[in-house]
Amino acid sequence: MRRIPVFLAVALGFLFLSRGLWGQSPEARRYFLGGASPSPSPGGGGVTLVPGAPVPLYLPAPASSPKGEFAPSGRPAPRLSPRPPSFLPQYSLGGSLASRYDREGWGRNSSPVAILQAELQESGLYLGLMGTYNFSDSAGRERHFQDSRLYLGYSMAFQDTGRLGPVYVDFCWTYHAYPGSSRENAGSLSLALHGGELWRWKRLALAGTLSVEHNYGKNETFAVGEATLRLPLREDHSLAWENSLALFWGDSRRMRRMTEGECRENALYTLSLRSELPWRPRQGWEITPFLEASFHPDGRAREAARASRHNAAATLAVGLQVSRHF
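Residues numbered from 1 in each chain as written. Predicted model: local features only at pLDDT ≥ 70, side-chain atom pairs only at ≥ 80, totals over all residues. Heavy atoms only, no water.

Engineer: Is there a simple way to explain the overall build of the chain in this structure?
Structural biologist: What the chain contains, in helices and strands, is three helices and 16 strands. Looking at the chain as a whole, 56% of its 326 residues are labelled buried. The contacts in the chain between residues at least 6 apart in sequence include a share of 62% that link residues at least 24 apart. Only carbon and sulfur atoms are counted for the fraction: they give 63% of the accessible area of the chain, which is about 13,900 Å². (Helix = DSSP H or I, 4+ residues; strand = E, 2+ residues; numbered from the N terminus. Buried < 20%, exposed > 50% of the residue type's maximum accessible area, 1.4 Å probe, protein only. Contact = heavy atoms within 4.5 Å. Areas by Shrake-Rupley, 256 points an atom, 1.4 Å probe, with all protein chains shown as cover.)

In structure tokens:
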């Protein structure tokens, strides 16, 4: 428990000391997070560790687009950058259907699931709720609601960063709840750094995200590094092709618990490849079909995955995300 004050002091100190550099992102920019459904809005954003799934990119978008975000995959999710206080909160609703449920790079359910999310945000502050519904009893829980997350955070933007484009920092608190298994309930703190445009060539653009989360209830830590390459398929960017690669790392405490003792040391435990086609048929709506493949580069994690009924040495998932931003 002694690690908690240090983590808080470093994160909060960084945020407060850097407020002088904080600024609003250009109105004609937008970013995406690979593996999570991005928001079709102006303004940039930071990243928060919700589910996950995805990496932000900045591309032209209608200045009148609403703000919002939906990210059901378990990876870090993008967050819009702060605006001057207007006291007119933006909110978003979303739903996702997937053939299996992978969270934080590890299989939680090998059967189809539905994921629902709602979020409210204003001037960099955001509050959201996400829940996962299991259509079968394969998760081994007493109820079909497999897990839920309540999260609260703040994001900030740094504009003058040279060729990197806007850089975003996000600090988030999350409470993880598991109906039918309340002993697993715990809180966590996360810190994420996102580079909006690391590289660009003609219409191709590359973005990257690095995030760290510490679960203080279980005293364990994991990190995610992710890169997303995006190619617009239409001039107005209403349809695009995104491909992301994410690498998950866990400390020794996390690996022991997650693999039930099979892996007792820290490890780069999962490599995930995701391809998706985000489509905005009209203002405020986004529909994204996706395909995701996961592998376990560490031999100990691979053996633990083979022994788990919800994992394998390699897994494949398909799904569809729908979100509405107001």
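Now that the structure has been shown, we can carry on.
Engineer: Hey, could you run me through the confidence of the model for the chain in this one?
Structural biologist: Parts of the prediction with low pLDDT should not have their coordinates interpreted in detail. When pLDDT is averaged along the chain, the result is 76; 71% of the residues meet or exceed 70. Across residues 1–76 the pLDDT falls below 50, and counting only partners more than four positions away or on other chains, this stretch makes 332 contacts in the model. (pLDDT = per-residue confidence, 0-100.)

Engineer: Before we go on, may I ask you to explain the environment of D170 in this structure?
Structural biologist: Within the element layout of this structure, D170 appears in strand 9 (residues 167–177). Taking relative accessible area as the criterion, D170 reaches 0% and is therefore assigned buried. In the structure, D170 is positioned 24 residues away from H194 in sequence and 8.5 Å away in space, judged by C-alpha atoms. One polar contact links D170 to Y126, side chain to side chain, over a distance of 2.5 Å. (Polar contact = N/O pair within 3.5 Å; in protein donor to acceptor, adjacent residues only side chain to side chain.)

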